[in-house]
Amino acid sequence: MPKPRKRLAGAAGPTGPDNKGPAGKRTKTKNPVGTSATLGNSSPEKTSASKNCGKNLSSYWLMKSEPESRLEKGVDVKFSIEDLKAQPKQTACWDGVRNYQFTNGLCSGQCLHTSLGVLAKARNFLRAMQLGQEAFFYHSNCKEPGIAGLVKIVKEAYPDHTQFEKNNPHYDPSSKEDNPKWSMVDVQFVRMMKRYITLAELKTHYQAHKTTGGPLKNMALFTRQRLSVQPLTREEFDFILSLEEKEPS
DNA sequence: GCCAACGTTGGC
DNA sequence: GCCAACGTTGGC
């Protein structure tokens with residue numbers, strides 16, 4: 001399969017999703033969210049995550065999506081930020097995440113920052129996302145990978161319906177309807193970056209920061225390369241935003 | 001529970 | 001299209 005698109009694991013969603021979008025795209029899907037998107041209640045899991053260690057949870061994220069066409073089981077996984085903007089309400093569900101990267105609950109003992117090096121998993125990160133939090137929309141597996149824009153979480157984790165759809169590339173026969181393995185969240189377009197921040201530029205800073213102790217020194221994009229949904233610290237998020245105002249390095 | 005084989009991600 | 005990194009699977 002191509003890439004992971006979005007995967008999430010949810011399992012907690014209170015209501016069944018009704019969106020049926022086209023199959024997922026890589027990282028994100030773009031299903032119109034209309035009806036189901038308005039339920040923003042957090043699942044029990046999330047709630048407990050927030051209670052247990054909310055102060056340590058990340059509030060900023062980076063989500064990868066593929067802006068160029070690629071077939072996965074016959075389905076095009078392409079989903080660029082322009083595709084997101086074209087959705088009703090500029091909102092889409094981020095489905096297809098099928099990576100547990102974390103097997104623990106986010107809060108079993110430690111919290112994100114300290115556990116990053118050891119635990120990280122896209123699925124659990126998805127479940128940790130909270131309403132209103134912002135994420136960078138990253139274009140991966142393309143000519144010029146990089147951060148294209150900003151999105152925000154408009155619906156917290158709920159079951160990813162694509163896991164039950166046999167012809168969906170993200171079908172998971174081992175997942176039961178009464179105990180879904182995978183979740184998804186809904187994201188809404190916020191704005192484009194003032195300029196496209198390329199992976200190459202981020203990498204230059206990352207490498208410099210490793211020696212200077214700068215804000216990107218532990219950035220997950222480089223230290224956990226295969227995570228399709230990853231947390232950012234506030235320092236990482238703010239530093240990347242500050243790059244918008246500067247000339248590309 | 002170890003670890004080799006295999007599959008996937010994603011930059012280049 | 002190649003291939004490195006790394007997650008997952010399954011034999012033992």
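Residues numbered from 1 in each chain as written. Chains lettered and ligands numbered in written order. Predicted model: local features only at pLDDT ≥ 70, side-chain atom pairs only at ≥ 80, totals over all residues. Heavy atoms only, no water.

This next bit is on helix H5 (residues 199-212). Taking 1.5 Å of rise per residue, the 14 residues of H5 would be expected to cover 20 Å, and the 19 Å separating its terminal C-alpha atoms lies within 8% of that figure. Looking at H5, one finds that the buried residues are Glu 201, Leu 202, His 205, Tyr 206 and His 209. The arc that holds every buried residue of H5, seen down its axis, measures 135°, which confines them to one face. Against strand E7 (146-159), strand E8 (183-198), helix H6 (220-223) and helix H7 (234-243) lie the buried residues of H5. At the exit of H5 stands Gly 213, carrying a positive phi of roughly 80°. (Helix = DSSP H or I, 4+ residues; strand = E, 2+ residues; numbered from the N terminus. Expected span 1.5 Å × (residues − 1). Buried < 20%, exposed > 50% of the residue type's maximum accessible area, 1.4 Å probe, protein only. Arc of directions from axis to C-beta. Contact = heavy atoms within 4.5 Å.)

With that settled, consider H7. Of all the positions in H7, only Glu 236, Phe 237, Phe 239, Ile 240 and Leu 243 are classed as buried. Mapping the buried residues of H7 onto a view down its axis gives an arc of 165°, with all of them on the same face. Residues of H7 that are buried in the fold lie against strand E2 (60-65), strand E6 (134-139), E7, E8, H5 and strand E9 (229-232).

To continue, consider the nonpolar core. The nonpolar side chains of a soluble globular protein tend to be buried, and buried together. Counting 24 residues, the largest nonpolar core has Met 63, Leu 84, Trp 94, Met 129, Val 185, Val 187 and Val 229 as the members making the most contacts within it. Among the nonpolar cores identified, the runner-up in size contains 19 residues, and Tyr 60, Phe 136, Ile 147 and Leu 232 belong to it. (Core = buried A, V, L, I, M, F, W, Y, C linked by side-chain atoms within 4.5 Å.)

Bringing the environment of Pro 67 into the picture now. Mapping Pro 67 onto the fold places it in the loop between E2 and strand E3 (71-72). Each C-alpha atom, one on Pro 67 and one on Ser 80, is 4.0 Å from the other, the two residues being 13 residues apart in sequence.

Looking now at the pattern of salt bridges. Inspection of the entire model under this criterion finds eight salt bridges. Arg 70 serves as the salt-bridge partner of Glu 72, at 3.6 Å between the closest nitrogen and oxygen. Considered together, Glu 72 and Arg 70 belong to a single accessibility category, that of buried residues. Residues participating in the shared-partner salt-bridge network are Glu 66, Arg 70 and Glu 72. (Salt bridge = Lys/Arg side-chain N within 4 Å of Asp/Glu carboxyl O.)

Okay, the environment of Asp 76 next. Examined against the element boundaries, Asp 76 turns out to sit in strand E4 (residues 75-76). For the pair Asp 76 and Pro 169, spaced 93 residues apart in the sequence, the C-alpha separation amounts to 9.7 Å. A distance of 2.9 Å separates a polar atom in the side chain of Asp 76 from a polar atom in the side chain of Ser 69. A distance of 3.0 Å separates a polar side-chain atom of Asp 76 from the backbone nitrogen of Arg 70. (Polar contact = N/O pair within 3.5 Å; in protein donor to acceptor, adjacent residues only side chain to side chain.)

Mapped onto the elements of the fold, His 205 is located in helix H5. Excluding anything up to four places from it in sequence, His 205 contacts Leu 216, Phe 239, Leu 243 and Ser 249.

Inspection of the sheet shows strand E5 (residues 91-94) paired to E8 by four bridges, in the antiparallel sense. Note that in E8 the partner of Ala 92 across the bridge is Val 187. Sheet topology places E7 next to E8; ten bridges connect them, and they run antiparallel. Looking at E8, one finds that Tyr 158 is bridged to Met 184. (Pairing = 2+ DSSP bridges.)

Helices that pack against each other are described as a pair by the angle of their axes relative to one another and the distance between those axes. Relative orientation of the contacting elements H5 and H7 amounts to 130°, with a least axis distance of 12 Å. As far as their axial angle goes, H7 and H5 are oblique. Here H5 runs over H7; the crossing is right-handed. Residues Glu 201, Leu 202, His 205 and His 209 of H5 lie in contact with H7, whose contacting residues are Phe 239, Ile 240 and Leu 243. A class-by-class count of the residues in the contact of H5 with H7 yields four nonpolar, two polar and one charged. (Axes fitted to C-alpha atoms, helices over the stretch in contact; angles between N-to-C directions. Parallel < 35°, antiparallel > 145°, perpendicular 65-115°, else oblique. Left-handed = near helix turned anticlockwise from the far one by under 90°. Nonpolar A, V, L, I, M, F, W, Y, C, P; charged D, E, K, R; others polar.)

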